[in-house]
Amino acid sequence: METHAPMQSPQGPDNAMRDGVQRVTVVGAGFSGTLTAIRLLHFAATPLEICLIEREEGYRYGGIAFGQASTNWAHMLNIQAGRITLRRERPEDFLEWANEEADRSGWPRKWQYHTFGVACVVPRRIFRQYLAERLRGAVADAHADVTLRELTGEVFDVRAQGGGYVVRYADAGPQGAVHELPSDQVVLATGHLSPVQAPFYHRVKDSDRFIADPYAPGAQERFQAVGPEETVLVTGSALSAFDAVISLVHAGHRGRILICSRGGHLHGTYPVDHEHDIWQTRRPPFLDAERLTPEVVVEGIRAEYAHLREEHGVEPGSALDAVFPERVMKAWEPYVIELVSRMDARDVRMLLDRYKSLIVTSRTSTVREIGGVVRSRMRGFNGAPKTVEVLSARIQDMRPVEDGTRIRVVFADQPDVVVDRVVNCLGNNTDYEHPGHPLWQGLVHGHGYARPQTRTHRGIEVGTHGQLVTADGTVAPGLFGVGPMRQGDETTRRGRLGAFVFSIGTLRNQCFDTAMEVLRRLKSASDEEQMDIPDGIHHCLIRSSDWIAADLLTEEPDATRLRERLLAHARETAFPNAVNHLQAQDRTERAKYRRILDDDLAEFGAALAREFGLTAQQARRTVSLLATLVEKHAVHTLCDITRLAGWDSGYAEQVKHAPKKGE
């Protein structure tokens, strides 16, 4: 990939502060790392080097979800084309790229002449290309003193040094050289931890009949090696199990596939004319209980779910029935926040573990191009027999039999079965107390820069903008996380459950917000007043204005009048200008709106000084705080999923009237 040449200096390429150039290092170049780099390139306006490090080239720009190493052309995104833009503020961006800009020379013929609409499905490899090309565009459009440096290597340590951090990484291979990369800020976008290895795998974990990680480099070749008539057991029934079935079918497999999970829960399939919707529901009555025990919660959820089915007239097998669980769980997100905050942490973790499969499969259905591959083979047709079966069973053991050519699976509650292959689709480890990853082992236990998420034990603790929370409960300056390591935080802070905690929508919000916070901290590194802003007040312009006024004046009525002036200016002028800046198409337009915003705030500061008798320093501080809070509020607003209804592009009609399949 072509990038600006990295800037050099007499001190060498890895000196953190070279001629005033600051450095942000992004660890991981999958979806989250790439998108964070794109956002940094969009908005950095002073000299900056962005280093993007990836350990596995097959994951670059896509990670395990969209990467070249982990997918084939039969793997589809489980979300419609109109909802996968990289920029929340430009819903039509992907469609414009796919239909007008994308280089289709490497696409299969099926897709080379395809016109994408809002309701279309998209191969994951196309989405990876979209990420890569948008990164190239961001590099070309970046400020002249902002550069991207792409590196390949495994990061194994990050430690504080001289007000910043040193990132240590090794080149690929057993004799890989070790490099040190001094950095002012570090964004960790390391993706998922390793796949879960259940105890019953211990006898087969080294067998070539066992696929431990269906997304690992080389896994697609291993699926190709499966015989067309072999019997395959897939452990787990979530979306990764669907991916495994698709990989097998793509490889020409025609044999029996057993999908096994404890509860036997399976994702539903969206109706053909499905449109996503956001409901509002009443606060579940069980939340009025003085003490929320697991028993109260489980029975309360069951009762409220039954009530909502009756209230909405949901008939079994209807189109609404297929999407009802997902819509209820989305509507319940505010109540999940309350639930998690009030329950004992051990009870929270127990419920999340016990009902994991039910939560995951209820939170999202599948597009027909994914779910139909599984469902049609579960049903069978004349001349095309049923080949996929779902088992609700608890596995006790697995052992090689017949000279290691097959595997016997021992269940707790039904007869053994003998299969030819086993595919592990139990998901990835989420416990950062035992991360099994040298980098995270050092961050959590070696340096204490991070700590496991306490209430859910899923991922790590982070601040409002993804700042790592240290072992002693403070925020690690200059260390951020984006991606699956924020799973527990998404649950406790936003009520998100299941795969939705690392959906495209969730991750692009994280990347945007974190990138803007990184740039703010670089800009105000010597301005301590910017670091004193309390977390969360930017969610409301009223609270922001009140806080600034209270910080400056304490006597009424001047303080009241100042609050009113700040709020009026924020709402009527500063906020619209900030949104225009964030939504700008390119650097020239961004620079224009930045000047408008800065000039307006400077005039406003001068007016405040005259009106309230402020010193030049007081006026500057007031305007600086207002600018920061308004920008943070604008980013928060643009990341609000409930606002993604304002389609004003040429695709608006397709949003209201999604085309039927085949149209």
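These numbers come from a predicted model, not from an experiment.

A few words on the overall build of the protein chain. Summing up its helical and strand segments, the protein chain has 21 helices and 17 strands in all. Its C-alpha radius of gyration of 26 Å places the protein chain within 12% of the 26 Å reference for a compact globule of 663 residues. Taken over the C-alpha atoms alone, the protein chain extends approximately 85 × 65 × 50 Å along its principal axes. Within the span of the protein chain, comprising 663 residues, buried residues form 56% of the whole. If you take every contact in the protein chain between residues at least 6 apart in sequence, the share linking residues at least 24 apart comes to 71%.

For Y61, which is not glycine, the phi torsion reads 75 degrees and is therefore positive. Among the residues examined, Y61 registers a relative accessible area of 9% and is labelled buried. Even without being glycine, E402 reaches a positive phi, approximately 55 degrees.

Running from N to C, helix α10 (residues 333-342) and helix α15 (residues 487-494) cross one another at 100 degrees; their axes reach a closest spacing of 6 Å. Between α10 and α15, the angle is such that the two are roughly perpendicular. Residue-level contacts link E333, V336, I337 and V340 of α10 to T491, T492, R493 and R494 of α15. Looking at the contact of α10 with α15 residue by residue, the class counts come to 3 nonpolar, 2 polar and 3 charged.

What follows concerns the packing of helix α17 (residues 541-552) against helix α18 (residues 558-583). It is the contact of α17 with α18, at a shortest axis distance of 9 Å, that shows an interaxial angle of 135 degrees. As summarised for this structure, α17 and α18 are arranged oblique, according to the angle between their axes. Between α17 and α18 lies a crossing of right-handed hand. On α18, the residues touching L541, I542, S545, D546, I548, A549 and L552 of α17 are A559, L562, R563, L566, L567, A570, R571 and F575. In terms of residue class, the contact of α17 with α18 is made up of 11 nonpolar, 1 polar and 3 charged.

Think of a pair of aromatic rings as described by two things: how far the centres are apart, and how the planes are tilted against each other in angle. Applying the stated criterion to the full structure yields 19 aromatic pairs. Seen in terms of ring centroids, W97 and Y130 are 5.3 Å apart; in terms of plane orientation they differ by 45 degrees. Their pairing is tilted. Separated by 33 residues along the polypeptide, W97 in helix α3 (residues 93-101) and Y130 in helix α5 (residues 124-141) bring together distant segments of the chain. Residue W97 is classed as buried on the basis of its relative accessible area, which comes to 0%. Aromatic pair Y432 and W440: ring centres 5.1 Å apart, planes at 85 degrees, arrangement edge-to-face. Put simply, the rings of F31, F66, F94, W97, W107, W111, F116, F127 and Y130 pair up and form one aromatic cluster. Note that R39 overlies the ring of F512, its terminal NZ or CZ placed 3.9 Å from the centroid.

This part covers empty space enclosed by the protein. Considering all chains together, one arrives at 1 cavity of 30 Å³ or more under this definition. There is about 60 Å³ of room inside the largest cavity. Residue lining of the largest cavity: G191, H192, L193, N428, N429, T430, Y432, G459, P484 and Q487, and that is the complete set. Each residue belonging to the lining of the largest cavity can be placed in one class, and the counts come to 3 nonpolar, 7 polar and no charged.

Moving on: the sheet that holds strand β12 (residues 395-401). Pairing within the open sheet is antiparallel, and its 3 strands lie in the order β12-β13-β14. Every interior strand has two partners, whereas the edge strands, β12 and β14 (417-419), have only one. Neighbour-to-neighbour, the strand axes of this sheet turn through a mean angle of 25 degrees, independent of strand direction. Summarising the sheet, strand β13 (residues 406-411) and β14 pair through 3 bridges and their orientation is antiparallel. Counted as the bridge partner of V409 is V417 from β14.

All right, on to the layout of surface pockets then. Reported here for the second largest pocket is a volume of approximately 1,000 Å³. Taken together, 40 residues form the lining of the second largest pocket, with L519, R520, K523, R594 and E631 sitting closest to its centre.

The next thing to look at is α15. Along an α-helix, residues three or four positions apart point the same way, because every turn accommodates 3.6 residues. Along α15, 6 of the 8 residues are buried, which leaves the element largely enclosed by surrounding structure. Considered for burial, the residues of α15 that qualify are Q487, G488, D489, E490, T491 and T492. With its phi angle positive at about 75 degrees, G495 sits one or two positions after the end of α15.

Turning next to the pairing of strand β3 (residues 146-152). Counted residue by residue, β3 has 5 buried out of 7 residues, so it is predominantly covered. Bridging between strand β2 (residues 48-54) and β3 involves 7 bridges; their strand directions are parallel. Residue pairing in the sheet places E49 in a bridge with T147 of β3.

The strands making up a sheet associate through hydrogen bonds between their backbones, and the pairing can be parallel or antiparallel. Taken together, the 3 strands give an open sheet; going across it, the order is β4-β5-β6, and neighbouring strands pair in antiparallel fashion. Both edges of this open sheet fall to β4 (154-161) and β6 (178-183), since each of them pairs with a single strand only. With strand direction ignored, the average angle separating the axes of adjacent strands in the sheet is 20 degrees. Bridging between β4 and strand β5 (residues 164-170) involves 7 bridges; their strand directions are antiparallel. Paired with R159 across the bridge in β5 is V166.

Conventions and cut-offs
- Residues numbered from 1 in each chain as written.
- Predicted model: local features only at pLDDT ≥ 70, side-chain atom pairs only at ≥ 80, totals over all residues.
- Heavy atoms only, no water.
- Helix = DSSP H or I, 4+ residues; strand = E, 2+ residues; numbered from the N terminus.
- Rg over C-alpha atoms; globule rule 2.2 N^0.38 Å.
- Buried < 20%, exposed > 50% of the residue type's maximum accessible area, 1.4 Å probe, protein only.
- Contact = heavy atoms within 4.5 Å.
- Axes fitted to C-alpha atoms, helices over the stretch in contact; angles between N-to-C directions.
- Parallel < 35°, antiparallel > 145°, perpendicular 65-115°, else oblique.
- Nonpolar A, V, L, I, M, F, W, Y, C, P; charged D, E, K, R; others polar.
- Left-handed = near helix turned anticlockwise from the far one by under 90°.
- Phe/Tyr/Trp six-rings, centres within 6.5 Å; stacked < 30°, edge-to-face > 60°.
- Lys NZ or Arg CZ within 6 Å of the ring centre and 35° of its normal.
- 1 Å grid on protein atoms, 1.4 Å probe; cavity = no way out; pocket = protein on both sides within 12 Å on 5 of 7 lines; lining within 4 Å.
- Points joined across faces, edges and corners; volume = space filled by probe spheres on them.
- Pairing = 2+ DSSP bridges.

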